Amino acid sequence: MDSFSYLSNAEAAVIDSLYEQYKANPESVEFGWRKFFEGFDLGHQRYTGKGTNAGAEDFIKEINVLNLIRGYRQRGHLFTQTNPVRERRQYTPTLAIENFGLQQADLEKTFNAGMEIGIGPAKLKDIIAHLQQTYCNSIGAEFIFIREPQKVQWIQQKMESTRNIPQLSIEEKRHILSKLNQATVFENFLHTKYVGQKRFSLEGLETLIPALDAVIHYGADLGVEEFVLGMAHRGRLNVLANIMNKTYEEIFKEFEGKAYEDDGLFEGDVKYHLGYSSDILTHNGKKVHLSLAANPSHLEAVNPVVKGMAKAKIKTRYKGDIDKICPILIHGDASVAGQGIIYEVLQMAGLKAYTVGGCVHMVTNNQIGFTTNYTDARTSTYCTDIAKTTLSPVFHVNADDVEAVVYTIKLAMEYRQEFNSDVFIDLLGYRKYGHNEGDEPRFTQPLLYKAIASHKNPREIYAEQLMASGKVEADLAKQMEKEFRALLQEKLEEAKRAEPSLPEPKTTNTWEGFRSAVEKDFHASPTTGVNEKTLTTLAQKIATIPEGFKAFSKIEKLFNDRKKMIADGTFDWAMGELLAYATLINEGFPVRMSGQDCQRGTFSHRHAVIKQEDSEKEYCALQHLDEFQKADFEIYNSLLSEYAVLGFEFGYSWATPNALTLWEAQFGDFANGAQIIIDQYLSSAKAKWKRHSSLVLLLPHGHEGQGPEHSSARLERFLQLSANWNWQVINCTTPANFFHALRRQLKRDFRVPLIAMTPKSLLRHPACVSKLEEFTKGSFQEVIDDSFVKTKEVKRVLFCSGKIYFDLLERQQSEKRKDVAIVRVEQLYPAAHIHMAKIYEKYAHAEFCWVQEEAKNNGAWTFLLRWDINFKLKLISRKASATPATGFAKTHNKEQQELIDKAFSF
Ligand SMILES: Cc1ncc(C[n+]2csc(CCOP(=O)(O)OP(=O)(O)O)c2C)c(N)n1
């Protein structure tokens, strides 16, 4: 026997002796074993006619065959024919029968174990043939690791009952051939017409097109009304044309590089990053909406965005029905194995805040990443091994076997609808050219590319197969190619003749009625006050713990303090924020927030959700606004991720212009973990793709002696990325101004993200409060002038932003310095310079300083230098530093003191 057996001799001996024991006295063995032996006897009797006194050797062999079956189910995927261009690696132990205690002589023997795979008692050779066909042909299935038996059985039953052999009608076969024809001829056409132009050809994986076509049509039959797709560069043009129905003409126009005039705000993007949406009619007459999310070059960054979009649509369009919309994420083999965002996104799959009822993951596996071989790209056996963390089944399929591909993706779709869980398809093909069409792949993979050069494309393979079977006319493929080529030529000529035009992204109804913001929009903010009666009634609700709900005494005190605030007509930061949400909800705008520990709030200020003292029972006042509850309030503690969570909320905001969507960072510092989303989506989506968002980022920021990583949300980085009214950056000092800033998000006919530096210690600072009338009247104040000083007496104006205001105020007040005005720049972008210029005009005789607690190379200083401010501005800040803040509390205090001293000494 080989060095390995699925059932050791010792184990076999134990089972044998148990069986003997059972035969002597059935009651003497444990219930499970008793049932097993009863079944075995019954089967044996029924199918062999022999009595129950089957020999022990037969019995052991039956068990061995059962183990062989288990071996195929568990490890069959290691021995498949799934690689079209390479020999597979050798795995041991193999599935040779000797490894299961069986011999060649057993092949002709009949075993009851055949019942296990649904073929009844059968010769061992037939059992093996069945298993080989099912598990070791063009489809390799990994599913035995799933911990829910019903899922395992479901997959097993589906595959074993069909032996994974697709049953397709002639019409279906013709249709598959026509999709393959489109995929292949389209690439070839581009290749010859636009020689050397980058298009990231799909060649080698053309079966992606019939696969997506099948999943959409079949998914529609299973109740899906919308698919949201995310994918990178590879094959994107092909998907846009042959799946999304973007016209060939439009694509050719992009290749022609037609230039166009614009307002200067739209910068555009390369053609293989663009998003698209369309409606298609399926074979069975069902209307399906498709949207392909715009994608930056950063591989896999689109994944959380797509999920967020899907989640938003589940809520707004499909009333919570997760079966009606399905995300499809298409990954590359190198990126799915290497990018950490995959793990973050997978962890979201079952979380209430982020679940979308399962996602179909497709890996376009061309066995190479740029020039990197798979052996250098991962440690795991498969690029999809991460799927196991969420117990998602994985199907590896040979991309040259188009029928197997179509069959598998349909199975995956069915699984997603049945269990609302994630499922992976690893489409194993190759890449015909280099990373792009100008690259020479033989530099790095000479042997592989030798094999690829003489390999037939999937269309040729399938056409030959169909012709050989005599099922289609001999010249069908040729005819299809000729017709399609003629069509492409016609469209190309149209595109060449066409006038240059601005590619308008198709907007869905959701965004109808919204416009792009222009500079003037930020010269003043809209009125966002709320009448006193509504405001105080909502405040009461926010401050009330329902009767019978036994909260912790500290929470009771906090809520009583909220009541006192109402009585005094003075509100702190938390109340300002919660009132913004409550009033928006009352006006019909849903509010959704997620972030680490945001229900309570990292700094224990929000307490939007409270728990009962002696149980996990929860209460969220913003969900109990009675007649004021005109929209939902959702708040979720997130998983410990920044990248995926921000991406998700960004996607959510993309699909819901009429909701207030917020992401809160634990400390602003951690937002850099989501930098890719900030750079590639939040700051630039409008300029690249004309896509808008009203997402709010809450980033706790301020130098409070907590060290390098709990001080700075990196205001300077957000300001550096600010241009073309891409977002608003605020660092406000009053609860009322924050209230207005949040409300303003939904009170204009355009949507712009809001980056809010938010307080930590100020949450409890006695001076950081606002009067009732500040909420009932007015609007967001971009700049707050000093009301303590008299203009003429002012010798120095201190411009500042955020927390340092309170330190400056304290000195001004304690020394009654009427010669120093402190002016708060509450909004740094857009338009701070315009508002600051007005202050300059007022105090033109004085000296002007910018005071910031951040180091000279951080904070807003370098940003202010960007504007041609026509007055002299002196900087008072910490010295330039490589780290955002000192780790020593004493140094922090000394530095802070020096800043204030400097500001007041002249
Ligand atoms: C996050 C990120 N890092 C690096 C790159 C540069 N890059 C572009 S394509 C590519 C290889 C991707 O390989 P794979 O995921 O297998 O997709 P393929 O191009 O082979 O379809 C790399 C490294 C990128 N676009 N994004």
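Residues numbered from 1 in each chain as written. Predicted model: local features only at pLDDT ≥ 70, side-chain atom pairs only at ≥ 80, totals over all residues. Heavy atoms only, no water.

Re the overall build of the protein
Inference 1: If you tally the helices and strands in the protein, you get 30 helices and 28 strands.
Inference 2: Counting all 906 residues of the protein, 59% fall into the buried class.
Inference 3: A separation of at least 24 residues holds for 80% of the contacts in the protein among residues at least 6 apart in sequence.
Inference 4: Here the protein contributes 111 positively and 115 negatively charged side chains, and the mean placements of these two sets differ by 4 Å. (Helix = DSSP H or I, 4+ residues; strand = E, 2+ residues; numbered from the N terminus. Buried < 20%, exposed > 50% of the residue type's maximum accessible area, 1.4 Å probe, protein only. Contact = heavy atoms within 4.5 Å. Lys, Arg positive; Asp, Glu negative; His and termini not counted. Charge placed at Lys NZ, Arg CZ, Asp CG, Glu CD.)

Let's talk about the packing of helix H21 (residues 643–655) against helix H22 (residues 675–682)
Inference 1: Taken N-terminus to C-terminus, the directions of H21 and H22 make an angle of 25 degrees; their axes are 8 Å apart at the nearest point. Here H22 runs roughly parallel to H21, going by the angle between their axes. Listed contacts from H22 to Tyr643, Leu646, Gly647, Phe650 and Trp654 of H21 are Ile676, Ile677, Ile678, Tyr681 and Leu682.
Inference 2: When grouped by side-chain class, the residues that make up the contact of H21 with H22 number 9 nonpolar, 1 polar and no charged. (Axes fitted to C-alpha atoms, helices over the stretch in contact; angles between N-to-C directions. Parallel < 35°, antiparallel > 145°, perpendicular 65-115°, else oblique. Nonpolar A, V, L, I, M, F, W, Y, C, P; charged D, E, K, R; others polar.)

Brief notes about the site of the ligand
Inference 1: As a matter of local geometry, the ligand sits amid 15 residues, with Arg234, Ser297, Asp333, Ala334 and Ser335 nearest to it.
Inference 2: Ser297 has a polar backbone atom sitting 2.8 Å from a nitrogen atom of the ligand.
Inference 3: Protein chains shield 77% of the accessible area of the ligand, which is 580 Å² for the free molecule.
Inference 4: Counting only elements with at least two residues in the shell around the ligand, the list comes to helix H11 (333–338) and strand S9 (368–369).
Inference 5: The residue makeup of the shell around the ligand, split by class, is 4 nonpolar, 9 polar and 2 charged. (Near = heavy atom within 4 Å. Polar contact = N/O pair within 3.5 Å; in protein donor to acceptor, adjacent residues only side chain to side chain. Areas by Shrake-Rupley, 256 points an atom, 1.4 Å probe, with all protein chains shown as cover.)

Side note on the pairing of strand S6 (residues 287–292)
Inference 1: Burial within S6 is extensive, with 5 of its 6 residues counted as buried.
Inference 2: As paired elements, strand S5 (residues 276–281) and S6 share 6 bridges and run antiparallel to each other. Residue pairing for S6: Leu281 is matched across the bridge by Lys287.
Inference 3: Where S5 hands over to S6, the hairpin turn is made up of 5 residues, of which Gly285 adopts a positive phi near 75 degrees. (Pairing = 2+ DSSP bridges.)

Here we look at the packing of helix H6 (residues 170–193) against helix H17 (residues 476–497)
Inference 1: Interhelical geometry of H6 versus H17 gives an angle of 45 degrees and a closest axis separation of 9 Å. One element, H6, and the other, H17, form an angle in the oblique class. Helix-helix and strand crossings are classified by hand; for H6 and H17 the assignment is right-handed. Judged by residue contacts, Arg174, Leu177, Ser178, Asn181, Gln182, Val185, Phe186, Asn188, Phe189 and Lys193 of H6 engage Leu476, Ala477, Met480, Glu481, Phe484, Arg485, Leu488, Gln489 and Leu492 from H17.
Inference 2: For the contact of H6 with H17, the per-class residue count stands at 10 nonpolar, 5 polar and 4 charged. (Left-handed = near helix turned anticlockwise from the far one by under 90°.)

Quick notes on the sheet that holds strand S26 (residues 827–829)
Inference 1: Taking strand neighbours across the sheet as the criterion, the 7 strands line up as S17-S14-S18-S19-S21-S20-S26 in an open arrangement whose pairing is mixed. Of all the strands in the sheet, just strand S17 (633–637) and S26 have a single pairing partner and so form its edges. If you compare each strand with its neighbour and ignore which way they point, the axes differ by 20 degrees on average.
Inference 2: Sheet topology note: the strand S20 (residues 728–730)/S26 ladder contains 2 bridges and is antiparallel. Bridging from a neighbouring strand, Val729 pairs with Tyr829 of S26.

So, helix H12 (residues 341–348)
Inference 1: Along H12, the positions that sit buried rather than exposed are Ile341, Ile342, Val345, Leu346 and Met348. Along the axis of H12, the buried positions cluster into a sector of 150 degrees, meaning they face one direction only. (Arc of directions from axis to C-beta.)

Observations regarding the packing of aromatic side chains
Inference 1: For the structure on display, the rule yields 36 aromatic pairs.
Inference 2: When the ring of Phe603 is compared with that of Phe667, the centres are 5.2 Å apart and the planes differ by 85 degrees; the resulting orientation is edge-to-face. With Phe603 in the loop between strand S14 (591–595) and strand S15 (610–611) and Phe667 in the loop between strand S18 (660–664) and H22, the pair connects residues that are 64 residues apart, well separated along the chain. One exposure class covers both Phe603 and Phe667, and it is buried.
Inference 3: Considering the side-chain rings of Tyr829 and Phe863, the 6.2 Å spacing of their centres and the 80 degrees angle between planes classify their relative orientation as edge-to-face. Separated by 34 residues along the polypeptide, Tyr829 in strand S26 and Phe863 in helix H29 (residues 861–866) bring together distant segments of the chain.
Inference 4: An aromatic cluster of three or more residues is present, and its members are Phe650, Trp654, Tyr681 and Trp689. (Phe/Tyr/Trp six-rings, centres within 6.5 Å; stacked < 30°, edge-to-face > 60°.)

Overview of the side chain of Ser201
Inference 1: Residue placement: Ser201 occurs in the loop between H6 and helix H7 (208–221).
Inference 2: In this structure Ser201 touches Glu187, Arg234, Gly235, Tyr433 and Glu437, once residues within four positions along its chain are discounted.

What to know about the nonpolar core
Across soluble globular proteins, nonpolar side chains show a tendency to be buried alongside one another.
Inference 1: Membership of the largest hydrophobic core comes to 102 residues, with the highest contact counts inside it found for Phe186, Leu208, Leu212, Phe227, Phe252, Ile328 and Met362.
Inference 2: For this core, the element with the most residues is helix H14 (residues 402–419), which contributes 11 residues.
Inference 3: Counting 85 residues, the second-largest nonpolar core is a separate cluster that includes Ala293, Ala655, Ala674 and Phe848. (Core = buried A, V, L, I, M, F, W, Y, C linked by side-chain atoms within 4.5 Å.)

Structural notes on the pairing of strand S7 (residues 325–332)
Inference 1: Taken across its 8 residues, S7 has 7 buried, putting it largely inside the fold.
Inference 2: Sheet topology places S7 next to strand S8 (residues 360–365); 5 bridges connect them, and they run parallel. By the bridge assignment for S8, Ile330 is matched with Met362.

A few points about the environment of Ile117
Inference 1: Looking at the element boundaries, Ile117 is found in the loop between strand S1 (110–111) and strand S2 (122–123).
Inference 2: Sequence separation between Ile117 and Glu172 is 55 residues, and the spatial gap between their C-alpha atoms is 28 Å.

Digging into the sheet that holds strand S27 (residues 847–855)
Strands pair in a sheet through their backbones, by hydrogen bonds, and they do so in one of two ways: parallel or antiparallel.
Inference 1: As summarised here, the arrangement of the 5 strands in space is S23-S25-S24-S27-S28, forming an open sheet in which the pairing is mixed. Both outer strands of the open sheet, strand S23 (783–784) and strand S28 (874–878), are each paired with one neighbouring strand and no more.
Inference 2: Looking at chain direction, strand S24 (residues 796–800) and strand S25 (residues 820–825) are connected through 5 bridges and run parallel. What sits directly across from Leu798, in S25, is Ile822.
Inference 3: Sheet contacts for helix H27 (residues 804–814): S24, S25 and S27; angle to S25, the most-contacted strand, approximately 165 degrees.
Inference 4: Along the sheet, helix H30 (residues 889–904) contacts S24, S25, S27 and S28; its crossing angle with S28, the most-contacted strand, is approximately 165 degrees.

Observations concerning the pattern of salt bridges
Inference 1: Evaluated as defined, the whole model comprises 54 salt bridges.
Inference 2: Ionic pairing is found between Lys324 and Glu225, a salt bridge with its closest N-O pair at 3.9 Å. Here Lys324, found in the loop between helix H10 (302–316) and S7, pairs with Glu225, found in the loop between H7 and strand S4 (226–230); they are 99 residues apart in sequence, far enough to count as distant.
Inference 3: Overall, Glu225 belongs to the partly exposed group, its relative accessible area being 34%. (Salt bridge = Lys/Arg side-chain N within 4 Å of Asp/Glu carboxyl O.)

Looking at the side chain of Asn457
Inference 1: Its location among the elements puts Asn457 in the loop between helix H15 (446–453) and helix H16 (458–468).
Inference 2: What makes Asn457 buried here is its relative accessible area of 18%.
Inference 3: Separated by 2.7 Å, the side chain of Asn457 and the backbone nitrogen of Glu460 make a polar contact.
Inference 4: Residue contacts for Asn457: discarding those within four places in its chain leaves Thr184, Glu206 and Tyr430.

A short note on unusual backbone geometry
Inference 1: Cis geometry is found at the peptide bond from Thr92 to Pro93, where omega equals -5 degrees.
Inference 2: Its location among the elements puts Pro93 in the loop between helix H3 (56–75) and S1.
Inference 3: Residue Pro830 is reached from Tyr829 by a cis peptide bond, and omega for that bond is -5 degrees.
Inference 4: The topology assignment puts Pro830 in the loop between S26 and helix H28 (832–842).
Inference 5: Notably, Asp626 is not glycine yet its phi reads approximately 50 degrees, a positive angle.
Inference 6: Inspection of the secondary structure assignment puts Asp626 in the loop between strand S16 (618–619) and S17.

Some remarks on the state of the cysteines
A disulfide bridge is the covalent bond that connects two cysteines by way of their sulfur atoms.
Inference 1: A full pass over the atoms with the stated rule returns 0 disulfides.
Inference 2: Unpaired in this structure, Cys620 has its nearest cysteine sulfur neighbour in Cys598, at a distance of 11 Å.
Inference 3: By relative accessible area, which is 4% here, Cys620 ends up buried.
Inference 4: Left without a disulfide partner, Cys768 is nearest to the cysteine sulfur of Cys732, which lies 9.1 Å away.
Inference 5: Of the residues examined, Cys768 reaches a relative accessible area of 1% and is grouped as buried. (Disulfide = S-S within 2.5 Å.)

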